[in-house]
Structure formats: structure tokens, C-alpha cells
Amino acid sequence: MSEKINPLLLEVIACPRCLARLQYEQENQRLICCYEQIAYPIKNGVPVLLADKAEILKNKE
């Protein structure tokens, strides 16, 4: 079961590494930074914005 994140949170939350706006991916329950190419997990409805918990995204080439 995938939860939805509050849209107001998406307006103020930012990547802790580069301060860019994050995109919500509901299917995989994560927040994506397109600039850093990393994804932060969401656990029990709470974004985990820790660098050591971030997943590096693979380039689509």
C-alpha cells in the first residue's frame, strides 16, 4: 500500500546536498533529486533525508 505525501511538504522540502526541489515518486515511495541523481526513501510516511540512506540512480543512456 503506497501512501501519498502532503503536497505542501513538497513545496518546502529540498535535497540536503544541493538544496534542489525534490520530486515525489509514489510507486517506489521515495523523493528524487534530478540534479544529484539520487533518491531518498520514505519510511512510514517520513522522508529519510540522510546521505548514507540515499540510493544512487542509474543513468538512462
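As the structure is a prediction and not an experimental result, all values here were calculated from the model.

What the rule picks out here adds up to 3 salt bridges. The partner of glutamate 36 in a salt bridge is arginine 17, with the nearest N and O atoms 3.3 Å apart. In this pair, glutamate 36 is assigned in the loop between β2 (30–33) and β3 (38–43) and arginine 17 in the loop between α1 (7–12) and β1 (23–25), connecting sequence segments 19 residues apart. With a closest N to O distance of 3.3 Å, arginine 30 and glutamate 55 form a salt bridge.

In this model, the protein carries a mean pLDDT of 91, and residues with pLDDT of at least 70 account for 92%. By mean pLDDT, the top-scoring element of the protein is β2 (97), and the lowest-scoring one is α1 (91).

It is worth spelling out the nonpolar core at this point. Judged by nonpolar contacts, Ile5, Ile13, Cys15, Ala20, Leu22, Leu31, Cys33, Ile38, Tyr40 and Ile42 together constitute the single largest core of 10 residues. The dominant element in this core, judged by the number of residues it contributes, is β3, at 3 residues. With residues up to four places along the chain from it excluded, the contact list for cysteine 33 reads Cys15, Cys18, Ala20, Leu22 and Ile38.

Looking now at the environment of isoleucine 38. Within the fold, isoleucine 38 resides in strand β3. Classification of isoleucine 38 by relative accessible area gives buried; the value is 3%. Apart from the residues within four sequence positions on either side, isoleucine 38 is in contact with Cys15, Arg17, Leu31, Ile32, Cys33, Ala54, Glu55, Ile56 and Leu57.

All right, on to the pairing of β2 then. With burial as the criterion, each face of β2 is covered, one bearing Arg30 and Ile32 and the other bearing Leu31 and Cys33. Where β1 lies against β2, 3 bridges are found, and the strand directions are antiparallel. Bridge pairing in β2 links glutamate 25 to arginine 30. Linking two consecutive strands that pair antiparallel, namely β1 and β2, is a turn of 4 residues; a positive phi of about 50° is found at glutamine 29 within it. Here 4 bridges tie β2 to β3, and the two strands are oriented antiparallel to one another. Along β3, the bridge assignment pairs arginine 30 with proline 41. In this structure, the hairpin formed by β2 and β3 is closed by a connection of 4 residues, where glutamine 37 is found at a positive phi of approximately 60°.

How each quantity is defined
Residues numbered from 1 in each chain as written. Predicted model: local features only at pLDDT ≥ 70, side-chain atom pairs only at ≥ 80, totals over all residues. Heavy atoms only, no water. Salt bridge = Lys/Arg side-chain N within 4 Å of Asp/Glu carboxyl O. Helix = DSSP H or I, 4+ residues; strand = E, 2+ residues; numbered from the N terminus. pLDDT = per-residue confidence, 0-100. Core = buried A, V, L, I, M, F, W, Y, C linked by side-chain atoms within 4.5 Å. Buried < 20%, exposed > 50% of the residue type's maximum accessible area, 1.4 Å probe, protein only. Contact = heavy atoms within 4.5 Å. Pairing = 2+ DSSP bridges.

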